[in-house]
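Architecture at a glance
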Amino acid sequence: MLVYLNGAYLPGAEARVSVTDRGFLFGDGVYEVTRALGGRLFAGDRHLRRLTRGMRELELRWPEGLDAAALHAVSERLLRENGLTEGEATVYAQITRGAAPRNHAFPAPGTPPTVYVAAGPFAPRDELHARGAAAITVPDIRWGRCDLKTIQLLPNVLAKERAAAADAFDAVQVRDGVVTEGANTNVFGVIAGVVRTYPADSRILAGVTREIVLELAGELGLPIREEAIAVAELPEASEVFLTGTTTDVMPVVRLDGRPVGDGRPGPVARQLHERLRERMRQGAGV
């Protein structure tokens, strides 16, 4: 597959990054994953807005000749040149502070950032959406700026591995007795008829799909509260579901080995999933 690296388009097998790159040494960078249908990015503007915010917060600079609009064009070119103009795909974009002698402080001004973009085919998990997924709860041990989509993902990796070891789809993270988010998803619950999810502060990543699902829930007239769900409330939830760029709206039917609600995907999750897929198709013009 053709990838983009620092201004050049080349086969992925030929792409090389320096061992002194700060992404490799420190996890010093940000990234985005964007869904595409029919060769068109879905909610690309929202993803680029979040990427730009993350760069600003980390004091990362765009390289000369590249900005958010140009990165969008790079993504669409990769979709075309990799034959991904039909069906579904994802685009991964990562920007690090670049290659420099190893020093915790920022490198010298003018050090060019490393920009890497790749596209690949994607297949939605239709069967899993239909039957519902299992999840487990784990302690949230991440740093204090979870609102930034950085490439420092080791706590998320460990949480996801615990889920895999338990034959579960995802790990629901818990801090101070409340649910924050999944290892790579946002978490919603339906409690006493109200759709609830953790508020968008520094303890979670404000997911693009989360944002769209909240809009769709509002359009459907569903009661919504951006309010933390206490672990003690989880047994009362009639539904729990996850949202994410590659997750869509995933019903959780078992949590820590116990059924959620009646143990089947609930009506809220099903309806929101259908509306999300409809909006995605409309955005792609298919």
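Everything here concerns the structure above.
Before going into details, it helps to say that this report is about the structure given with it. On a predicted model such as this, the values are computed, not experimentally measured, just so you know. (Residues numbered from 1 in each chain as written. Predicted model: local features only at pLDDT ≥ 70, side-chain atom pairs only at ≥ 80, totals over all residues. Heavy atoms only, no water.)

Quick notes on the layout of surface pockets
Each pocket or cavity is described by its volume, and for the largest pocket that value is around 640 Å³. At the level of elements, β3 (29–37), α5 (154–165), β9 (178–182), α6 (208–219) and β14 (239–244) are the ones that each hand at least two residues to the lining of the largest pocket. Examining the composition of the lining of the largest pocket, we find that 4 residues originate from one element, α5, more than from any other. Per-class residue counts for the lining of the largest pocket are 12 nonpolar, 14 polar and 5 charged. Quantified by volume, the second largest pocket comes out at close to 300 Å³. (1 Å grid on protein atoms, 1.4 Å probe; cavity = no way out; pocket = protein on both sides within 12 Å on 5 of 7 lines; lining within 4 Å. Points joined across faces, edges and corners; volume = space filled by probe spheres on them. Helix = DSSP H or I, 4+ residues; strand = E, 2+ residues; numbered from the N terminus. Nonpolar A, V, L, I, M, F, W, Y, C, P; charged D, E, K, R; others polar.)

Here we look at the environment of Pro121
For Pro121, the location among the structural elements is in strand β6 (residues 114–121). Relative accessible area serves as the criterion here: at 64%, Pro121 is assigned to the exposed category. As for Pro121 and Glu86, which are separated by 35 residues in sequence, their C-alpha atoms are 9.6 Å apart. Once you skip the residues sitting within four places of it in the chain, Pro121 turns out to touch Met1, Leu84, Glu88 and Ala89. (Buried < 20%, exposed > 50% of the residue type's maximum accessible area, 1.4 Å probe, protein only. Contact = heavy atoms within 4.5 Å.)

Considerations on the nonpolar core
Membership of the largest hydrophobic core comes to 24 residues, with the highest contact counts inside it found for Leu79 and Val117. Looking at this core, the elements with two or more residues in it are β1 (2–5), β3, α2 (44–57), α3 (68–81), β5 (88–96) and β6. The contact partners of Val117, leaving out residues within four places of it in the chain, are Val3, Tyr4, Leu71, Val74, Ser75, Leu78, Val91, Tyr92 and Ala93. Ranked by size, the runner-up nonpolar core spans 20 residues in total, among them Leu37, Leu214, Leu216 and Leu272. (Core = buried A, V, L, I, M, F, W, Y, C linked by side-chain atoms within 4.5 Å.)

Section: the pairing of β14
The buried fraction of β14 amounts to 6 of the 6 residues, a majority that puts the element mostly inside the structure. Neither face of β14 is open: one carries Glu239, Phe241 and Thr243, the other Val240, Leu242 and Gly244, and all of them are buried. The sheet contact formed by strand β10 (residues 186–191) and β14 spans 5 bridges and is antiparallel. Note that in β14 the partner of Val190 across the bridge is Glu239. Here 5 bridges tie β14 to strand β15 (residues 248–255), and the two strands are oriented antiparallel to one another. Counted as the bridge partner of Phe241 is Pro251 from β15. The antiparallel hairpin formed by β14 and β15 contains 3 residues in its connecting segment. (Pairing = 2+ DSSP bridges.)

Some remarks on the sheet that holds β3
The strand order across the open sheet formed by 6 strands is β2-β1-β6-β5-β3-β4, and the pairing between neighbours is antiparallel. Here the strands that pair on one side only, and so sit at the sheet edges, are β2 (8–11) and β4 (40–41). Direction of pairing for β1 relative to β6: antiparallel, over a ladder of 3 bridges. For Tyr4, the partnering residue across the bridge sits in β6 and is Val117. The sheet strands contacting α3 are β1, β2, β3, β4, β5 and β6, and the helix crosses β6 at an angle near 40°. (Axes fitted to C-alpha atoms, helices over the stretch in contact; angles between N-to-C directions.)

Quick look at the packing of α2 against α3
Packing of α2 against α3 brings their axes to within 10 Å, and their N-to-C directions diverge by 130°. Taken together, α2 and α3 sit at an angle that is classed as oblique. At the point where α2 passes α3, the crossing takes the right-handed sense. Two secondary-structure elements touch here, α2 through Leu48, Leu51 and Thr52 and α3 through Ala68, Leu71 and His72. Counted by class, the contact of α2 with α3 contains 4 nonpolar, 2 polar and no charged residues. (Parallel < 35°, antiparallel > 145°, perpendicular 65-115°, else oblique. Left-handed = near helix turned anticlockwise from the far one by under 90°.)

What to know about the pairing of strand β8 (residues 170–175)
For a regular strand, the rule is simple: side chains alternate between the two faces of the sheet. With 6 of 6 residues buried, β8 is to be regarded as a mostly interior element. Here β8 shows two buried faces, one formed by Asp170, Val172 and Val174 and the other by Ala171, Gln173 and Arg175. In this view, the connection linking strand β7 (residues 133–139) to its parallel neighbour β8 by way of α5 has right-handed handedness. Where β8 meets β9, 3 bridges bridge the pair, whose relative direction is antiparallel. For Arg175, the partnering residue across the bridge sits in β9 and is Val178. Linking two consecutive strands that pair antiparallel, namely β8 and β9, is a turn of 2 residues; a positive phi of about 55° is found at Asp176 within it. (Right-handed = clockwise from strand over helix to strand, strands pointing away.)

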